[in-house]
Amino acid sequence: MLTIRLFCNQGMSTSLLVSKMRDAAAKQGLEVDIAAFPANEMDDRINGVDCALLGPQVGYLKSKAVKTCGAKNVPVDVIPMADYGMCNGEKVLAFAVKLAGK
């Protein structure tokens, strides 16, 4: 099971991307737990997570996220703008899998 958390402004703008990522995982036979939350909930939402992804609109929070996630050994990065904008679930899933080292 790969556990991925996406963080954005309100946790809602990434809901379509989460759905597309789940679809891509199902096609690949990957068992995943993917959910999106507001960035201000990161501290409470990263326990036991394989990787955390930031939406491009909150990319400015990366340095804070690196500290927060690093304390719990959770890799974190910003979703590439083009993949986020195109809602490319396959590419963002591949990005998360690579980030998680799976």
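**Quick notes on the side chain of Thr68**
- You can see Thr68 is positioned in helix H3 (residues 62-70).
- Thr68 sits in the buried class, given a relative accessible area of 16%.

**A few points about the pattern of salt bridges**
- Counted under the stated rule, the structure contains four salt bridges.
- Across the pair Arg45 and Glu41 runs a salt bridge, and its minimum N-O distance is 3.0 Å.
- Among the residues examined, Arg45 registers a relative accessible area of 35% and is labelled partly exposed.

**Digging into the nonpolar core**
- In this structure, Ile4, Leu6, Leu17, Met21, Leu53 and Leu93 are the most contacted members of the largest nonpolar core, which totals 19 residues.
- Elements that contribute at least two residues to this core include exactly strand E1 (2-8), helix H1 (15-28), strand E3 (51-54) and helix H5 (89-100).

Definitions and limits used
Residues numbered from 1 in each chain as written. Predicted model: local features only at pLDDT ≥ 70, side-chain atom pairs only at ≥ 80, totals over all residues. Heavy atoms only, no water. Helix = DSSP H or I, 4+ residues; strand = E, 2+ residues; numbered from the N terminus. Buried < 20%, exposed > 50% of the residue type's maximum accessible area, 1.4 Å probe, protein only. Salt bridge = Lys/Arg side-chain N within 4 Å of Asp/Glu carboxyl O. Core = buried A, V, L, I, M, F, W, Y, C linked by side-chain atoms within 4.5 Å.

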